[in-house]
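# Structural overview for review
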Amino acid sequence: MDSRKLLQRRKPEIPTFKSATTDRKQLEDSAKNIELSKVIRLLEDPLTGNLKERHLFVLKKILKRNPNGFLLKDLKGLAKVFDICAEKSKEDPVYLPFLCEAIKLCRLSFLKERASDEPNYAQDVIHFLSQIGYLMRVTCPDVKVNIIECVKSFYQCVTPRQLPDGTQRRHGSTARPFHFENRFSKLTLRPQPMSPGFRLQLLDKTDLSQTLVLSLASVDHRPDIKLQLLQVLKLLSCSSDLNCGQILKARGAESICLHMNESESTGPVLVRSIEILWNLLESGNKHRAVAQLSTIECLVSLKEAFLHQLLTAVHHSELSLRNDLLVLTTLIAENSNTLLIESLFAKLLISLSTYPELRPTNPLFINLKLNYCHEDLKMKKMLLNLLSLMSVDTTVLQLYKEENVLLSLLLLTKPLPVSPRIHSASRSWSSVQSHELCLKALETLCSIAPYLLDEYMSYHGNAFVLRLMDWCTHDDEVPDTIRGSTGLIGDCRKTLLHFCIRLLTAVTSQGEETVNQDLCDQGSIGDLLGVLMQMEASSDEDDAVSLEIKSNIQFILSTLCESDMHRKELFGSEGVEMVIHFLKKGCDLFYSGLGHNKLLLSTVDCVWSCIVGCYTTEDFFLAKEGVCLLLDLLCSSPKCVHSLILSTLLELCENPNTGSHLRSWTDRAGQTAPRVLLQMWRDEEAELGVQRNQEGCITDPKKPLYHKQQEETQSLCLDGSSSASILEIGENLRAKIYLIFCAVGFHDLPGLSTEDYVTLRIVKRYLDFKVGEVWDEVSAELTHVDIRPITPDRENLETICQISEDKAKRVMEEQSSLLQRQEKENLTQEQLMYTEIKSHRKQQELVQKSWNDYVSKTSNYEVLKEVKAQRELSRAKVKTEEDGIHPVKHFIGQVVSMETTGAEGPEGVQVSLAQVAIKPKGPDPVQTSPNPDPEYFRPVSVKH
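Described in the following lines is the structure provided in the data block. Everything quoted here is computed from the prediction, not taken from an experiment. (Residues numbered from 1 in each chain as written. Predicted model: local features only at pLDDT ≥ 70, side-chain atom pairs only at ≥ 80, totals over all residues. Heavy atoms only, no water.)

### With respect to the overall build of the protein
The number of helices and strands found in the protein is 43 helices and 11 strands. Counting over 944 residues, the protein shows a buried share of 45%. In the protein, once contacts between residues fewer than 6 apart in sequence are set aside, the share between residues at least 24 apart is 74%. Accessible surface, the protein: about 49,100 Å² in total, of which carbon and sulfur atoms supply 52%. (Helix = DSSP H or I, 4+ residues; strand = E, 2+ residues; numbered from the N terminus. Buried < 20%, exposed > 50% of the residue type's maximum accessible area, 1.4 Å probe, protein only. Contact = heavy atoms within 4.5 Å. Areas by Shrake-Rupley, 256 points an atom, 1.4 Å probe, with all protein chains shown as cover.)

### A short note on helix α8 (residues 141-153)
With 13 residues, α8 ought to run about 18 Å at 1.5 Å a step, and its terminal C-alpha atoms sit 18 Å apart, in line with that. The set of residues buried in α8 consists of V143, K144, N146, I147, I148, C150, V151, K152 and S153. Against the buried residues of α8 lie α5 (96-105), α7 (122-134), α9 (196-204), α10 (208-214) and α11 (223-239). (Expected span 1.5 Å × (residues − 1).)

### A short note on the environment of G595
By the element assignment, G595 lies in the loop between α30 (565-583) and α31 (596-611). When the C-alpha atoms of G595 and V545 are compared, they prove to be 8.8 Å apart, with 50 residues separating the residues in sequence.

### As for a nonpolar patch on the surface
A surface patch of nonpolar side chains, about 320 Å² in accessible area, is lined by L767, V771, W775 and V778. Among the structural elements, L767 can be located in helix α41 (residues 766-784). The partly exposed category is assigned to L767, whose relative accessible area is 45%. (Patch = residues over 30% accessible without salt bridge, like charges linked within 9 Å, V, L, I, M, F, W, Y side chains within 5 Å. Salt bridge = Lys/Arg side-chain N within 4 Å of Asp/Glu carboxyl O.)

### Here we look at the environment of L739
Considering the arrangement of structural elements, one finds L739 in helix α39 (residues 734-744). Residue classification places L739 among the partly exposed residues on the basis of a relative accessible area of 40%. Between the alpha carbons of L739 and Y766 there is a distance of 9.7 Å; along the sequence they are 27 residues apart.

### Quick notes on the packing of aromatic side chains
Scanning all chains against the criterion turns up 10 aromatic pairs. Ring centres of Y372 and W429 lie 4.8 Å apart, and the angle between their planes is 85 degrees; this geometry places the pair in the edge-to-face category. Of this pair, Y372 sits in the loop between α19 (345-353) and α20 (374-390) while W429 sits in the loop between α22 (405-412) and α23 (431-448), and the two are 57 residues apart along the sequence. As far as burial versus exposure is concerned, Y372 and W429 are alike and both buried. Of the aromatic side chains, those joined through ring pairs into one cluster are F82, F98, F110 and F128. (Phe/Tyr/Trp six-rings, centres within 6.5 Å; stacked < 30°, edge-to-face > 60°.)

### Quick notes on the pattern of salt bridges
Going through the model one piece at a time under the given rule, you end up with 39 salt bridges. Several salt bridges share partner residues, and in doing so they unite D83, E87, K90 and R137 into one network.

### Some words on the nonpolar core
By size, the foremost hydrophobic cluster in this structure holds 229 residues, and its most contacted members are M390, Y400, L557 and F621. It is helix α26 (residues 492-508) that provides the largest number of residues to this core, a total of 9 residues. Once residues lying within four places of it in the same chain are set aside, the contact partners of F621 are V576, V579, I580, L583, V607, I611, G626, V627, L630 and L652. (Core = buried A, V, L, I, M, F, W, Y, C linked by side-chain atoms within 4.5 Å.)

### Here's the deal with helix α40 (residues 754-764)
Among the residues making up α40, those that are buried are T754, D756, V758, T759, L760, I762 and V763. Buried positions along α40 lie against α36 (673-688), α39, α41 and α42 (791-859).

### Some points on unusual backbone geometry
In the segment running from Y355 into P356, the intervening peptide bond is cis, with an omega of 5 degrees. Residue placement: P356 occurs in the loop between α19 and α20. Of note in the backbone geometry, R251 takes a positive phi value of approximately 55 degrees without being a glycine. R251 sits in the partly exposed class, given a relative accessible area of 39%. Even without glycine at this site, H460 takes up a positive phi of about 55 degrees. Within the secondary structure, H460 is located in the loop between α24 (453-458) and α25 (461-474). Looking at H460, the relative accessible area reads 55%, which means it is exposed.

### Structural notes on the packing of helix α34 (residues 639-652) against α36
Between α34 and α36, the least distance of the axes is 13 Å, while the angle of their chain directions is 130 degrees. Classified by the angle their axes make, α34 and α36 are oblique. For the crossing formed where α34 meets α36, the hand is left-handed. Taking contact as the criterion, the partners of K639, H642 and L646 in α34 are, on α36, L677, M680, E684 and E687. Partitioned by chemical class, the residues of the contact of α34 with α36 number 3 nonpolar, 1 polar and 3 charged. (Axes fitted to C-alpha atoms, helices over the stretch in contact; angles between N-to-C directions. Parallel < 35°, antiparallel > 145°, perpendicular 65-115°, else oblique. Left-handed = near helix turned anticlockwise from the far one by under 90°. Nonpolar A, V, L, I, M, F, W, Y, C, P; charged D, E, K, R; others polar.)

### Description of the side chain of N146
Here N146 lies in helix α8. Not counting chain neighbours up to four residues away, the residues in contact with N146 comprise C100, I103, K104 and R107.

Treat this as a map of the structure, not an account of what it does.
Below, the structure written as structure tokens:
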């Protein structure tokens, strides 16, 4: 060619091996690009547009030149050729064979000549794969089948192909080379197949999945092609999340659901459709897929498919497919979709859920027979689960009443004898299946019964539950282990009891008096107490289920006894013993995560609801040291429980005997109840940020209780009807502590320090300060809305605010007086301590002096003679004395104890001294014995 000559003319020197290869590649690229461009121009040019024979000749030449696959660099031009041929095939089908053959070649891997071809031509590959999907618009079935097979080949190995040289080639091996000759050397360039993994990655970035979904409608008349297309969509949906997103973008979930019942061979098509929907729900956007399936048309299609499988399914695979359809319906029902009712699908499911317990009202189910196999059990449990999900929509409750759903659920809770089958003559649920259904029915009743209390009472629901509860606690023939609906494996009786208590909790929490009265009339209070203490006695180690049962029982008892005095009397001493037992456990395991925190709260709630208000139970509770246990719990429990405990103590303070228990109680550290409450008051104010000095005294008499949070709340409440000062009362513990002190008294409180008395002055005036805050808010609100009161009202308002300020100042003076008195006491104590130190020092000096005298007598003979002479003189004087006067004794006082009398100054201190006898200075008395013993040092004796 001229171009070759021109290239050689520019570089006449002998090229290296690398430059020669580059020349060949450039020449080949230029030749092929020119050829594809000529083909495209030949097909598009109006002058040559009708030359069909030439078109076919050129197209066949393209296929002949690429028997082992297309080069990556040719894909962009080939995509244009495919598109032109697809458009021309609408008028003349002679182009269809080329399309079929070309698509078949696309099953082979694309070829690359360089390692850099894959990233360089990646966008061309994406465009070409998308173009293959666009060919689905061609009406020829062969083209559609070839496209489907082509996409399938991307996910499986290519079949071995016979190469021209007689060798076999597998997918990924070296393809048949193109041969080029050079004037300098004869070399062969062998294109390599593209990486299959890289091709699949590029496939995820195309819109091929979206195009195939849109082409579903065009193959409805060909079930065989439709089934193959669904198989391809299944491969795409399970291979990548991006493909699932593309399918959902084309509303693939809706399209597949609408077309899954239109084929004559419904079975395989339905199976593939369900598999694709599962992949979309698991790997794609679940909410988007459910939204597409929630249309009225999709629900009707699901209903038809489910009904067909329900009436015709025999084999295990068919029964499993029926259950899969039910799972899809469950996912739709989770979104509280009311279209289930409009499509009549909900009525069908509700009617089916009552079978076989009740005679079916739907004529479709008259001849329905269940095999009572595992798949039928799964269907029954899913139907019961659907009842719980649909109960959120109040419009479905009327259907529950019409179909007697509540009665069928209660019938499932009947205790059944343990046997392989209940009746050997008639098929029914086995014993294990019956227990599983019983658990699921109880769980469903927990969701439905609160909305249908009239139906629940008309069918004597409490009697069913209490009978089952009694059977759980007394029948020994229950199987040891069973898998419940929640997936728990354990004691069957405990699991059944767990759901019975849940159901009673759900129905009693509604506050319907007829339900609660019916429970009490059947002796449920005593039964629940017995079950609770039986579980407490039998359980060696608490687990989450046992703790939930206990806390729920206490909640039921609180609900039943809260507003009825007679029921509190029925709670009686047995209930008080139960409460005392749980209060003694304390709160060491509060944060264990098993449920001890709920049990503790329900126990305190039992005291409030079941004991407080009934004098007989209150007195028994006080006699059992219940108040002391509550105070112990108050000291050891976390702050989140303090409000409930203080409220309970406050209610108990209505009993006149409570005050003595509050005054006599002390904790392990010796702190009294008033001191603990005052410490809680200080902690509460520190957390709120109330302004106090180091001694805890008021710093601002205008705002003695004000804190930062209240200031922020007040700015929000100025435009409303709420008062920040009133709202603040329920947000902290100060009001409860104040009311407890009002019940106990503010005088003669044991075990208080000066700091406590300082705090007590604030507590005592809490109500006055709170009233002053309210009036300050009234004044601020009037100023905020630009309202000026009349002069008398303004003067009264100023007077009230001034009175509140004066009270705060008086409290500040009292606190200052207390601190000064404490300072004087500290000074007196210090003086007494120094006096005692001086006394000890003087005693030490006298002892030292006595020792020195003794040493001088023993070491100096002249001193000893002088002392002896003085002794003889003293003895003579003693004999001549007739009055028997004793020698004078000298004493030094030692402080033994000190008491304060309350008076001011030194008169307020009473000191007790010990007498210490000291020998006087001078000669010793004369010894009366004829042989006096040597003089020894005698220790000082102390008289007490």
